[in-house]
Every structure is written in structure tokens, then in C-alpha cells.
Amino acid sequence: MGEHPLTAEAILAATEDVLRRYGPAKATVVDVARALGVSHGSVYRHFPTKAALREAVTERWLDRAHAGLAETATSDTPAPDRLRQWLAALFAAKRRKALDDPELFATFSVLAVEHSDVVLAHIGDLVRQLTRIITDGIADGEFAAVDAEVCARAVFDATARFHDPAHAGQWSDPGIDSAFDAVCALVLAGLQAPGRP
């Protein structure tokens, strides 16, 4: 590392590289330290365990992968259009990461199976964004009066095929975009306020 102080950000960047090279099962803190030219104790001063380091990498990765979703959720676009845009952006981000960054996506998948606190917090944030869109749609008379939070969770669950890592193997299938459009149409029809065209 030379004369530059070791930072958490430098460790996270090196960890991503190590995970891509060795995969989540074989990557070690010693590998990260070696890539940085420091002792593994230096890495542990910033991240007390391998699990903490993996979760921090996953959080950083998720934040970057889903940049823009919160802005979509709070935009002035009518709620039905905004919901469709948000779901499409989430699917595009997940598919891009699964296909373009498979090694790091594998780490995310491992943590998702382990029910990591980072992944659970991430899902909670996504459901809150959906809740905001649905709440706005109800307030504007575009969506039926429902419990927005319960409905947001149902929408998240109903669209799992397009964002849950368990389905990543299907995301390059030829008919996946048509399937996504059909599910979005069904969700929007189900939310539509009575009497709306």
C-alpha cells in the first residue's frame, strides 16, 4: 500500500477483487491482506471478522447496484408508471449484476441464503420504497385503498422471479421479458382503484 493509510474503502475494493478471483468459498482475509500488501491483522482492525467483511462488501455492492431506485420511488411520476419503472429498474439491476459480475453475485446469493442482516435490511428498504409508491397511488386515487405496507410486501413477493437470486438462472431466458411484462400488468391491474380506466 505504500505511504497511503489503509482505509475501509480500500479493503472493500480489494475484497471484491479477491472474491471475483477465488469465489466466496475460497477467498480469505489473508488473500485480501496479501492483495493490499498488509498483514491480515491490519484488515481485522477495520473488519473484526471475515463475516463482517463479507457483509460490508455485500452492502457496498447492493448500494451501488440499486443506486437510483430510491429516486424513482419518490419521483413525481404517476404511481402506476412509477411502480412499473421501479420494478423494471430493480430487475435490470439484478440481471446486470448476475450476468456481468457473477462471482460477486454468488457472494450475495450465499449471504441471502444465510439470511444476513445486510440482505434483510436491503429487502426492508426495497419494501419501504414500494410502500411509498403505493401510498402515493392511493392518495392520488390511482390505486385502491389497501394497507400499503402489506400490499408492498405482496408486490415484492409476487415479483420475486425477477429479483430473487434463486431465479438468476432464468434471467437470460428468451421469454423472461414477456413474463416480466405480464406480471407487471397483473400487479398494476390488481392495484387499480375501482372505476379507473
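Preceding block: the structure.
Residues numbered from 1 in each chain as written. Predicted model: local features only at pLDDT ≥ 70, side-chain atom pairs only at ≥ 80, totals over all residues. Heavy atoms only, no water.

Novice: Explain the packing of helix α1 (residues 8-22) against helix α2 (residues 29-36) residue by residue, including any values.
Specialist: At a minimum axis separation of 9 Å, α1 and α2 run at an interaxial angle of 115°. Seen from above, α1 lies across α2 with right-handed handedness. Here A10, I11, A14, T15, V18 and Y22 of α1 lie close against α2, whose contacting residues are D31, V32, A35 and L36. Of the residues in the contact of α1 with α2, the class split is eight nonpolar, one polar and one charged. (Axes fitted to C-alpha atoms, helices over the stretch in contact; angles between N-to-C directions. Helix = DSSP H or I, 4+ residues; strand = E, 2+ residues; numbered from the N terminus. Left-handed = near helix turned anticlockwise from the far one by under 90°. Contact = heavy atoms within 4.5 Å. Nonpolar A, V, L, I, M, F, W, Y, C, P; charged D, E, K, R; others polar.)

Novice: Can you explain the pattern of salt bridges? Please cite residues and give values.
Specialist: Pairing between side chains of opposite charge can happen when the charged atoms of each approach one another. The tally for this structure, following the rule as stated, stands at twelve salt bridges. Two residues, R64 and E16, come together in a salt bridge whose shortest N-O distance is 3.0 Å. Of this pair, R64 sits in helix α4 (residues 50-65) while E16 sits in helix α1; the two residues are 48 residues apart in sequence, bridging distant segments of the chain. R64 sits in the partly exposed class, given a relative accessible area of 39%. For E16, a relative accessible area of 5% gives the class buried. Its salt-bridge partner being D17, residue R20 comes within 3.5 Å of it at the nearest N-O pair. Of the two residues, R20 and D17 both sit in helix α1, three residues apart, roughly one turn of that helix. By relative accessible area, R20 is classed as partly exposed at 29%. A residue is classified by how much of its surface remains accessible, and D17, at 42% relative accessible area, is partly exposed. Three or more residues joined by partner-sharing salt bridges are found here, namely E9, E16, D17, R20, R60, R64 and D101. (Salt bridge = Lys/Arg side-chain N within 4 Å of Asp/Glu carboxyl O. Buried < 20%, exposed > 50% of the residue type's maximum accessible area, 1.4 Å probe, protein only.)

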